[in-house]
Amino acid sequence: MNKIDFAIVFSVTQANPNGDPLNDNAPRVDLDGYGYVTEECIKRKLRNRLAEKGQSIFVRGPEADGCTHLQARYKTIAGEVKDADDKTFHDVVCKKWYDVRMFGQVFPFKGEDGGDSKSVRGAFTVRRAFSVDPVYITSIQITKSVNGTEPKKVGGKSSDTIGMVHTVDFGVYVAYGSINSMLAEKNGLTQDDYDELKEAILTLFHNDCSAARPEGSMVVERVVWWEHNCPAGQYATHKVHNSLELRKKSERVRKFSDYEFSVKELPGLSVEIIEP
């Protein structure tokens, strides 16, 4: 297993890619106006895609097994790992759950569930996705056509009839990540695991539509997959990621084709550019 670097390039059109609960759930932007999507949000979507493919996922809702919280799901294997040493615990949880061996996980369940808190380092890491250029946020005030609750007086309106919708007009975002070959080997990742992950990345926004993200408003435009020829990697990760360039063809951009996309060749490094 050799080191892998990757980049996910996706576009956002009149949608909220990742709302900020501390800012009226408006799209997240940094102090310079660049939009971003958190790494936790990206991994949540990947977990959803992998679960749809039949993979066993630890961090998910009760729809699969009825477990309403993570401790309840952990208890399903507590008997196997209660008195186990660290290596046995590691092997059991990695074999049981795909997202544990790929993304890592902290198990803070002490006492009756056995032993001290334990953790697994994941082979997969992804950075926060940032927009290529600053994004413009449109905020629209909306009203409901029907009262949500009984009006306080005849002809009046209930207090929940007015709201705000915040969307990114348009933006192209890039998320960079890597797969550590040594941790992949330690966690027992297989070629099938790699293939499933790549497919999940390519279909990142499938079945992810909502009022904030209408169908077709978020699109994976390109996935760049660099595969090194050795476990440590031929080049430093930042050098590999910096070989990807996106430049505006004109001052006004409204679609992905308004950008010039290119990947600089690094001698001896295998690169696959996938257009879903």
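Residues numbered from 1 in each chain as written. Predicted model: local features only at pLDDT ≥ 70, side-chain atom pairs only at ≥ 80, totals over all residues. Heavy atoms only, no water.

Caption draft 1: Molecular detail of the overall build of the protein. Helix and strand counts for the protein stand at eight helices and 14 strands. If you line up the protein on its principal axes, its C-alpha atoms span 70 × 55 × 30 Å. Counting all 276 residues of the protein, 46% fall into the buried class. Of all intrachain contacts in the protein linking residues separated by at least 6 positions in sequence, the fraction that spans at least 24 positions is 70%. When the accessible surface of the protein is totalled, it reaches about 15,100 Å², and 48% of it is carbon and sulfur. (Helix = DSSP H or I, 4+ residues; strand = E, 2+ residues; numbered from the N terminus. Buried < 20%, exposed > 50% of the residue type's maximum accessible area, 1.4 Å probe, protein only. Contact = heavy atoms within 4.5 Å. Areas by Shrake-Rupley, 256 points an atom, 1.4 Å probe, with all protein chains shown as cover.)

Caption draft 2: Broad picture of the packing of helix 1 (residues 39–52) against helix 7 (residues 191–202). Two elements in contact, helix 1 and helix 7, have axes separated by 9 Å at closest approach and are oriented at 115°. With respect to the hand of their crossing, helix 1 and helix 7 are arranged in right-handed fashion. In this structure, helix 1 contributes Leu46, Arg49 and Leu50 to the contact, and helix 7 contributes Glu196, Leu197, Ala200 and Ile201. A per-class count over the contact of helix 1 with helix 7 returns five nonpolar, no polar and two charged. (Axes fitted to C-alpha atoms, helices over the stretch in contact; angles between N-to-C directions. Left-handed = near helix turned anticlockwise from the far one by under 90°. Nonpolar A, V, L, I, M, F, W, Y, C, P; charged D, E, K, R; others polar.)

Caption draft 3: A look at the pairing of strand 8 (residues 129–134). Where strand 4 (residues 34–37) lies against strand 8, three bridges are found, and the strand directions are antiparallel. The partner of Tyr34 across the bridge, within strand 8, is Pro134. (Pairing = 2+ DSSP bridges.)

Caption draft 4: Inspection of the side chain of Arg49 at higher detail. Tracing the chain through its elements places Arg49 in helix 1. At 2.9 Å, the side chain of Arg49 forms a polar contact with the side chain of Glu52. Aside from chain neighbours lying at most four places away, what touches Arg49 is Ala200, Thr203, Leu204, His206, Asn207 and Asp208. (Polar contact = N/O pair within 3.5 Å; in protein donor to acceptor, adjacent residues only side chain to side chain.)

Caption draft 5: Fine view of the packing of aromatic side chains. All told, the structure shown has 14 aromatic pairs when counted by the stated rule. Plain terms: the ring middles of Tyr36 and Phe130 are 5.6 Å apart, the flat faces sit at 40° to each other, and that makes the pair tilted. One end of the pair, Tyr36, is in strand 4; the other, Phe130, is in strand 8, and 94 residues separate them in sequence. For Tyr36, a relative accessible area of 14% gives the class buried. With relative accessibility at 33%, the residue Phe130 sits in the partly exposed group. Where Phe256 meets Phe261, the ring centres are 6.5 Å apart and the plane angle is 55°; that geometry is what we call tilted. Judged by its relative accessible area of 10%, Phe256 is buried. (Phe/Tyr/Trp six-rings, centres within 6.5 Å; stacked < 30°, edge-to-face > 60°.)

Caption draft 6: Summary view of the nonpolar core. Counting 40 residues, the largest nonpolar core has Phe10, Leu46, Phe124 and Leu197 as its most contacted members. Elements represented by at least two residues in this core include exactly strand 1 (4–15), helix 1, helix 5 (98–103), strand 7 (124–126), strand 10 (162–179), helix 6 (181–187), helix 7 and strand 11 (218–227). Top contributing element to this core by residue count: strand 1, with six residues. Not counting the four nearest positions on each side in its chain, Leu46 is found in contact with Phe103, Phe124, Leu197, Ala200, Ile201 and Leu204. By size, the runner-up hydrophobic cluster in this structure holds 17 residues, among which are Val9, Val174, Tyr235 and Leu269. (Core = buried A, V, L, I, M, F, W, Y, C linked by side-chain atoms within 4.5 Å.)

Caption draft 7: Examining empty space enclosed by the protein more closely. Enumeration according to the criterion identifies one cavity of 30 Å³ or more in this entry. By volume, the largest cavity amounts to about 40 Å³. Phe10, Pro17, Val37, Ile42, Lys45, Leu204, Phe205 and Met218 are the residues that line the largest cavity. Per-class residue counts for the lining of the largest cavity are seven nonpolar, no polar and one charged. (1 Å grid on protein atoms, 1.4 Å probe; cavity = no way out; pocket = protein on both sides within 12 Å on 5 of 7 lines; lining within 4 Å. Points joined across faces, edges and corners; volume = space filled by probe spheres on them.)

Caption draft 8: Quick peek at the environment of Ser262. Examined against the element boundaries, Ser262 turns out to sit in strand 13 (residues 259–263). Judged by its relative accessible area of 28%, Ser262 falls in the partly exposed class. Placed 16 residues apart in sequence, Ser262 and Leu246 show a C-alpha to C-alpha distance of 6.6 Å. Those residues in contact with Ser262 that sit more than four places away from it in its chain are Ser243, Leu244 and Glu245.

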